[in-house]
Amino acid sequence: MTPVAAAKPFTAEEEKVLKSWTAHYPYPIMGLLEALRQVQLWNLCVRPEHEDYVASLFKTTRTRVHELVTFFPMFTQAPTGRKRVGLCHGLSCALAGSDKMAKCLEDKLGVPEGVTTKDGEFSWEEMECLGACDFAPALLVNEDLQGKATEDVVAKVARGGK
Amino acid sequence: MSESKTVKFKLNGREVEAPEGRLLIDAAKDAGVEIPHYCYHPALGNPGNCRLCVVEVQGAPKPLVSCRTFVKEGMVVASDSPAAMRAQQSSLELHLVNHPLDCPVCDQSGECGLQDYYMEIGRYESQVREDKLHKGKRIEAGPHVMLDQERCILCTRCTRFVDEVTKTHELGIFGRGHGQYIDLVPGKTLDNPYSGNVVDICPVGALTEKDFRYKVRVWYLDETDSVCPGCSRGCSTSVHTNTERPWHNDGRRVARIKPRHNPEVNGWWICDDGRFGYDSLDHDRLGRVMRLKDQRRELSWTEAFEEIASALASRSAGKGAGGLVVIASGMLSNEDWAAFKVLFVDTLGVKHFVFGPEPDQLGEEDELLRKREKVPNLKGGQAQGFGTEIPSASWDSLAKDIEAGKVWGLYVVERDLTKVWGQRTADLLSKLGLVIFQGPNKTATGDLAHYRLPATAYVEEEGHFTNFGGTVQAYKKALEPLGSAKPDWAIFHGLAEHLAGDRREEAVA
Amino acid sequence: MSTKILTQHFNEPKLHELATYRKLGGYKGLEKALKMKPAEIAAEVAKSNLRGLGGAGFPVGGKWSTMPPADKAPERYVVANYDESEPGCFKDRVLGERAPHQIIEGLLIAAHAVSAEWAFIFIRGEYGIPFKILEKAIAEADEAGLTGKVRVRLMRGAGAYICGLDTALLETMEGKKAWPRQPPPFPTVVGLMGQPTVVNNVETLAMLPHIIVNGGDWFAKLGVLPNPEKKLPGSGGTAVYSVSGDVEKPGVYEFAMGAPLRAIIDAAGGVRGGRKVKAVIPGGASTPPLSASELDTPMDFDSLRSVGSFLGAGGVIVLDETRDMSEVAHNIERFLAHESCGQCTPCREGSEWTTRILGRMLEGKGTSGDLPNLQRIGENITGKVICALGDTVGMVTRGFMKKFPDDFKSKVPA
C-alpha cells in the first residue's frame, strides 16, 4: 500500500473541540460518545476517516468506535438532512396516530423515511419512544422537541419553521 | 490460586469433587459431563451471551449459566433435568431461528455445534414460519478465512480472539439487536499471523478455511497427533488426512492441520505458517532413490547404500575425512539426530558440519508462539553435541573451502543450498566429486547432487522433537511414505551399517 | 388526594432558575446534608424507605450500603440515570425541565452520602431541551458555590433504551456500546471505570433533599409502610406518574405510594371521549397490563407485583375499549426488538421472532400454532437472559395474551 496523505477530517478549530472532550471527564475515554455526537452534528454522519481520527484521539481501537457508530441510531454513516426530523412511533404515539403523521412527513418533505432530500435540508425517521408521550405523536427536529405532530406542525417544519 | 480447597457438590445425582472457585462448566467437564455451550472458551473467557450452558441449581430462582457460576460446597446441580434440558433446548432453538440451515453446502457440517447439539438436545420440530433474515455471505475476511454472517450465532469468540489474543482488532460486532453482525472493521483484512484460529474457535460454519472449502467432508478425515515442524516452538497439532477417498481434496492426502491443545507449548493456538504450510507434504516429493550422475539410474536402497558407502569410505581413506562436510538442519527428529551422529561422527569421523538455522531457516518471531528458528529440533541436535561441543561452520567458510579445493564431498540433509548461495550453488557443487542429497522434497540442490535419496516427511514417520524450551514431544505416523522414501534415521543407519560392513571386509582382507 | 413533593412548585414559572428554587426552600436539604456525616444521610434515606423510581424499585439506602468504605476505595462515583426511554415514561423529562435544581441538589446529597467527588448526569441524547436547562442549572449551582468539591458533569446518550439499565449505562459512559454487564459484582462495588459507583434515577435523587429536610420517617409515612408479616418492604413517599394514551389530559401527576390506579387516571381527566378503559399499562411499556377490573389496585411496588405486574417507572398508558391488544403487544415487542442490544441470544432472536409472528398475525396470516408458540417463546426467554430488557421481551406478549385472549384468538384460525 502506498501511503496517501489523507486530507485532515477536521479543521483546527474542530480538533480543539474534540480534544476538549478528552479532558471533560475523569478519564479521556469517557468523552468518546460526546465527541462522536459532535462529529455527527458537524458532518451529519460519521465517516471512516472520522472514526480513525476519533479512535486515535481517544486511544481506542477503530473497532470500538465503529461498534458505537453502528450501535447507536443517532450516528449514521450516510448524511442525514441538516434538519433531522424524528417522529415517535412508540406506543402512546402510535395510539395517537403516528402512522398518519409518517405519511404526512413523506408527503410534505417529499422523501421516504431514511432518505435525505436532494438539497440536503431534510431527512426524517420513525424513532422509538422520545419521552414525550404527553405530546403524542411527538415530533423532534434535531435535538428539539416540537411537541405534538399535526399536519400544521409538519407543514411548518417542512417550510423551515416559517 | 495456590492450595485451592476442594469442594464437594452434586452433579446429575452424582457426588463430584472440584477445586473451589472452579467454573461449573469446567468442573462438570472434569467429571465427564459436557454441558452444551458456544460462547464460553477456556482461553477466551465467559461472556455468557449464548445462554446455552444453562443448568438447574437447587435454590436458584431461575436456571443459571454454568459458564458464570462457580462451584460451591454442597451445591446441587442438574444439567440433565427436564428443566435444564428444556432451557438448553430453547436456547438452541433461538440460535436457529435465523440460521440458514444450509448444512449440505456448509464445510462445518459434521463438526458443527448447531448440528451436534441439535442431535443431542434438540430434535424438536421447527416452529419457524417466518423468512430468515439475510446478511452478508461469502465475505473474504482474509487470505485464509471466509466469513458467512448468516451462519454466525454471534458468540463473539472470534472478536475476542482478535482483541485479546492477537490484539489486532480486525473483527467487530456491529449493529444492534437482531441486525447485529460480525464483520471486518472497514478497511481491515483478517491477515494477522494467527488468523486461522478463528476458524477453529467458531462453533458454527460462519468462519471457514478458504483452502479447505468444498474440498472434503470432515467425516472422511483421519486425525493423527503430530507436532508442527514450522519452528522451534513445536506446537502440538493434529494432522487431518484423507486417504480413503483420494478423489476428494484435489488428490492431496493432507486436508488440513489443526492445533492440539497443549498448555505447556502452544495453548490452544497455532500460527498460520504452521497451519497452512503443509503443501510440501503432497507436492514436489521425492520417491525414488536416484543416482543422478554419473549414469543416471534409479537404485534400490541396497545398491545406493553400497555405492555411497564405498564412495565415502574410499574418499575418506584417500583424501581424509576432513574433506567431507555434512549439512543438516533442525528438521531432524531426535531419532534422526542420534543416527546422524553414529554415521557421521562415530563412523566417518567427519569434522565439519553446517547445521545452524541461518540464513535460510530464520524468520519472524513474536510474543505469542512464533519462534525465529523455522525448524523444530535444533535442541535435539544439541543433545547429540551439535551446537554444543560440535560447532556449526559458516556458509562463507564452507564456500571458501570448496573454492580452495579443501572439500571433496558434501552430504546435504533436507536443505536447499541455493537459498544460501543462490546462483553460485551449481558452480560450487560442480567442484565436488561427491554430493549426496537426502530429503523429502525436490530441491535445486537435490537436482545437482550425485545421489538423491528420498526421505519421509514427518507425517510419514514417528519420532520426537525437542522444542526450544526443552519439551520433548512425540509425533505419530499419519500417512504411509511415498515411493521408496525412508525416515532419515533409517537412511543414516543403512549407510552406517554398510560402512561398518566395508570396514569388516577390509579388516578380513 | 394527590400528595406532592417533587411537583409541589410546578406552577411556579421560573422554578428552573436558581433564585426561584432557593426562594422556595431549595438547597436547604444539601445545606443540612453537608452538616451530616455520610452514614447519617444513608441512615435517614434507609429510614425513608425510598425505592428506586427508575423501574427496579431497589431500596436506595440498601444500594448505597453495599459500597465499600471510602477509605478502602477512595475513587467513587455517583451517576444520575436520566436515560428515560421507555414508551409511556416522560416524568424525568418534565422533572428536569421544570426543576433541574431539585435533581442537582439530590445528586449532590448522594455524592456527599457516598463520599464521591464526581457526579454525572447521563441524559438521553434526544432530551435536548432538558439538557440545556440542566447545563445552565449546573453552571448556576457551580457559580453559587453549591457544588463545592463535587464536579458535576453531563453526558448525553445516543439513542439506546438499554442505557437505562445501570450496567449498560456504565459501559456506554466508558466509551463502549451498551452491552449490560452481568453482576455480580454490582456497580456499587465495581462500577464506572472499575470503581464503586452508585447509579440512581433522577426522580429518586430528586426525593433526597425532601427526605433530608423533613426526615426519613415523614417520607416513609407518606407512602406504604412495610408489612413484616407478609414480608413486604413497602415504599416510601410519592411517585410521579407519566400518564398517556387514551386520557383527556396526558401529563405528569404525583401521588403518594399506594394511591389507586383509578385516581391517577381520573387526575389525567379520565378516558378520552368518555370511552371505557380496556387495559392499563401501569409502569411503562415493559410492564404487563392490568384489565379494567383492576383499576383499584394500589400503585406501589409490592401491590403491583401481587397482581403480576410492576410499578416500573410509573408510565401509565391507558388503553380504551377500541384498542386491539395484539396491536399493542406488537408495538411494544417491536420497540423491544429495536432496543435489544443483541448481546444474548434469547433476547436478540426472541424479540425479533415474537415481533414477526405478531406482525404476520396482524396481516391476517396467523396460523393455528402461533398462540402456543408465542406463549412458549416468551417462557423460553424470560429468566434465561442477561438483563431485565430480555425478561420483558418474554413477558409482554404473554401478559396481554393472558388478560385479553380474544384479541389474539381473533388473529388465528379457530
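Given the structure is predicted, the values throughout are model-derived calculations rather than measurements.

Caption draft 1: Main features of the overall build of chain C. The helix and strand inventory of chain C stands at 17 helices and 11 strands. Relative to the compact-globule value of 22 Å for 414 residues, chain C shows a C-alpha radius of gyration of 21 Å, a close match. The principal-axis extent of the C-alpha atoms belonging to chain C is close to 70 × 45 × 45 Å. Burial analysis of chain C (414 residues in total) assigns 63% to the buried set. When contacts within chain C are restricted to residue pairs at least 6 apart in sequence, those whose partners lie at least 24 apart make up 71%.

Caption draft 2: Spatial organisation of the overall build of chain A. The helix and strand inventory of chain A stands at seven helices and four strands. For chain A, the N- to C-terminal ordering of α and β elements is α-α-α-α-β-α-α-β-β-β-α. Taken along the three principal axes of its C-alpha coordinates, chain A extends 50 × 35 × 30 Å. Classification of the 162 residues of chain A by burial places 49% in the buried group. Intrachain contacts of chain A at a sequence separation of at least 6 include 55% that bridge at least 24 residues.

Caption draft 3: Summary view of the interface of chain C and chain A. Counting from both sides, the interface comprises 43 residues of chain C and, opposite them, 37 residues of chain A. Those elements that place two or more of their residues in the side of chain C that touches chain A are α7 (128-143), β3 (151-156), α8 (166-173), β5 (238-245) and α13 (325-339) of chain C. A total of six residues in the side of chain C that touches chain A trace back to one element, the largest contributor, which is α13(C).

Caption draft 4: Examining the domain arrangement of chain C more closely. All names here are of chain C. Examined at the domain level, chain C breaks down into domain 1 (18-222), domain 2 (238-320) and domain 3 (325-409). Distance between the C-alpha centres of domain 2 and domain 3: 22 Å. Each side of the interface is counted separately: domain 2 has seven residues, and domain 3 has 11 residues. When the residues that make up the side of domain 2 that touches domain 3 are grouped by side-chain class, the tally is five nonpolar, two polar and no charged.

Caption draft 5: Representation of unusual backbone geometry within the structure. Residue and element names in this part refer to chain B. Here the amide bond leading from K293 into D294 is cis, since omega sits at -5°, within 30 degrees of zero. Checked against the element boundaries, D294 lands in the loop between β14 (290-291) and β15 (297-298). Phi angles above zero are rare outside glycine, and T156 is one such case at about 70°. By secondary structure assignment, the location of T156 is in the loop between β7 (145-147) and α4 (157-165). A positive phi is found at D250, a non-glycine position, where the angle reads about 55°. Mapped onto the elements of the fold, D250 is located in the loop between β12 (236-241) and β13 (254-259). Given 11 C-beta atoms within 10 Å, D250 falls into the exposed group.

Caption draft 6: Fine view of helix α6 (residues 98-109) of chain A. All names here are of chain A. Given a rise of 1.5 Å per residue, 12 residues ought to cover 16 Å, and the 16 Å separating the end C-alpha atoms of α6 matches this to within 8%. Those residues of α6 that fall on the buried side of the exposure criterion are S98, M101, A102, L105 and L109. End-on view of α6: buried residues confined to an arc of 110°, all on one side of the axis. Within α6, the exposed residues directed more than 90 degrees away from the buried face are K103 and D107. Against the buried residues of α6 lie β1 (83-88), α5 (91-95), β2 (122-127) and α7 (151-158). Positive phi shows up at G110, right after α6, with a value of about 75°.

Caption draft 7: Just the sheet that holds strand β17 (residues 352-354) of chain B, in detail. Residues and elements named next belong to chain B. Spatially, seven strands are ordered β15-β14-β20-β19-β18-β16-β17 in an open sheet, and the strand pairing comes out mixed. At either margin of the open sheet sits one strand with a lone partner, and together these are β15 and β17. Where strand β16 (residues 324-327) and β17 come together, three bridges link them in parallel fashion. From the neighbouring strand, I327 faces β17, where its bridge partner is V354.

Caption draft 8: Examining the interface of chain B and chain C more closely. Contacts between the two partners involve 24 residues from chain B, matched on the other side by 26 residues from chain C. Here the side of chain B that touches chain C takes five residues from helix α2 (residues 82-96) of chain B, the largest share from any one element. Class assignment for the residues of the side of chain B that touches chain C results in eight nonpolar, 10 polar and six charged.

Caption draft 9: View of the confidence of the model for chain C. Of all residues in chain C, 100% attain a pLDDT of 70 or more, and the chain-wide mean is 97. Scored by ipTM, the complex comes to 0.96, with pTM at 0.95.

Caption draft 10: Broad picture of the domain arrangement of chain A. Looking at chain A, the domain boundaries give domain 1 (12-71) and domain 2 (83-158). Placing the centre of domain 1 of chain A and that of domain 2 of chain A at their C-alpha centroids yields a distance of 28 Å.

Caption draft 11: Fine view of the nonpolar core. Core analysis: the largest hydrophobic core is formed by 244 residues, its most contacted members being A:A138, C:L107 and C:I264. Sorting elements by how many residues they give to this core places helix α6 (residues 100-113) of chain C first, with eight residues. Beyond its immediate sequence surroundings of up to four residues, C:L107 is in contact with C:V78, C:A80, C:A119, C:I121, C:V152 and C:L205. Within the second largest apolar cluster, 55 residues are counted, among which are B:F353, B:F437, B:L448 and B:I491.

Caption draft 12: Structural context of the environment of C:G394. Residue and element names in this part refer to chain C. The residue G394 is located in helix α16 (residues 388-403) in this model. Since 25 C-beta atoms lie within 10 Å of it, G394 is described here as buried. With 48 residues separating them along the chain, G394 and P346 place their C-alpha atoms 9.1 Å apart. The contacts of G394, once residues within four sequence positions are left out, are G350, G378, E379, I381 and T382.

Caption draft 13: Spotlight on the packing of α6(A) against α7(A). Residues and elements named next belong to chain A. Remark: α6 packs on α7, axes separated minimally by 10 Å, with the N-to-C direction vectors making an angle of 30°. With respect to each other, α6 and α7 are oriented roughly parallel. Every pair of crossing elements has a handedness; the one defined by α6 and α7 is right-handed. Mapping the contact onto sequence places M101, C104, L105, K108 and L109 in α6 and E151, V154, A155 and A158 in α7. Its residues placed into classes, the contact of α6 with α7 shows seven nonpolar, no polar and two charged.

Caption draft 14: Up close: the sheet that holds strand β4 (residues 144-148) of chain A. All names here are of chain A. Judged by pairing direction, the sheet is mixed, and its four strands sit side by side in the order β2-β1-β3-β4 without closing on themselves. The sheet terminates laterally at β2 and β4, the two strands that pair on one side only. Recorded for the sheet is a direction-independent mean angle of 20° between the axes of neighbouring strands. On the sheet, α6 packs against β1 and β2 and is oriented at approximately 160° with respect to β1.

Caption draft 15: Spotlight on the pairing of strand β9 (residues 181-184) of chain B. Residues and elements named next belong to chain B. Where strand β8 (residues 171-174) lies against β9, four bridges are found, and the strand directions are antiparallel. Bridge pairing in β9 places G172 opposite D183. What sits between the antiparallel neighbours β8 and β9 is a turn of six residues, in which G175 has the positive phi angle 75°.

Caption draft 16: Focus on α6(C). All names here are of chain C. Between its terminal C-alpha atoms α6 stretches 20 Å, which fits the 20 Å expected from 14 residues at 1.5 Å a residue. For α6, a buried count of 14 out of 14 residues is recorded, marking the element as mostly surrounded by other parts of the structure. Remark: S115 follows α6 within two positions and exhibits a positive phi of approximately 55°.

Caption draft 17: Here's a closer look at the pairing of β12(B). Residues and elements named next belong to chain B. Most of β12 sits inside the fold, with five of its six residues counted as buried. Sheet analysis places strand β11 (residues 222-227) next to β12, joined by six bridges and oriented antiparallel. Residue pairing for β12: V227 is matched across the bridge by S236. As judged from the five bridges shared by β12 and β13, these two strands associate in the antiparallel manner. The partner of T237 across the bridge, within β13, is P259.

Calculation rules
Residues numbered from 1 in each chain as written. Chains lettered and ligands numbered in written order. Predicted model: local features only at pLDDT ≥ 70, side-chain atom pairs only at ≥ 80, totals over all residues. Helix = DSSP H or I, 4+ residues; strand = E, 2+ residues; numbered from the N terminus. Rg over C-alpha atoms; globule rule 2.2 N^0.38 Å. Buried ≥ 20, exposed ≤ 12 C-beta atoms within 10 Å, placed from the backbone. Contact = placed C-beta atoms within 7 Å. Domains from an automatic or database assignment. Nonpolar A, V, L, I, M, F, W, Y, C, P; charged D, E, K, R; others polar. Expected span 1.5 Å × (residues − 1). Arc of directions from axis to C-beta. Pairing = 2+ DSSP bridges. pLDDT = per-residue confidence, 0-100. Core = buried A, V, L, I, M, F, W, Y, C linked by C-beta atoms within 7 Å. Axes fitted to C-alpha atoms, helices over the stretch in contact; angles between N-to-C directions. Parallel < 35°, antiparallel > 145°, perpendicular 65-115°, else oblique. Left-handed = near helix turned anticlockwise from the far one by under 90°.

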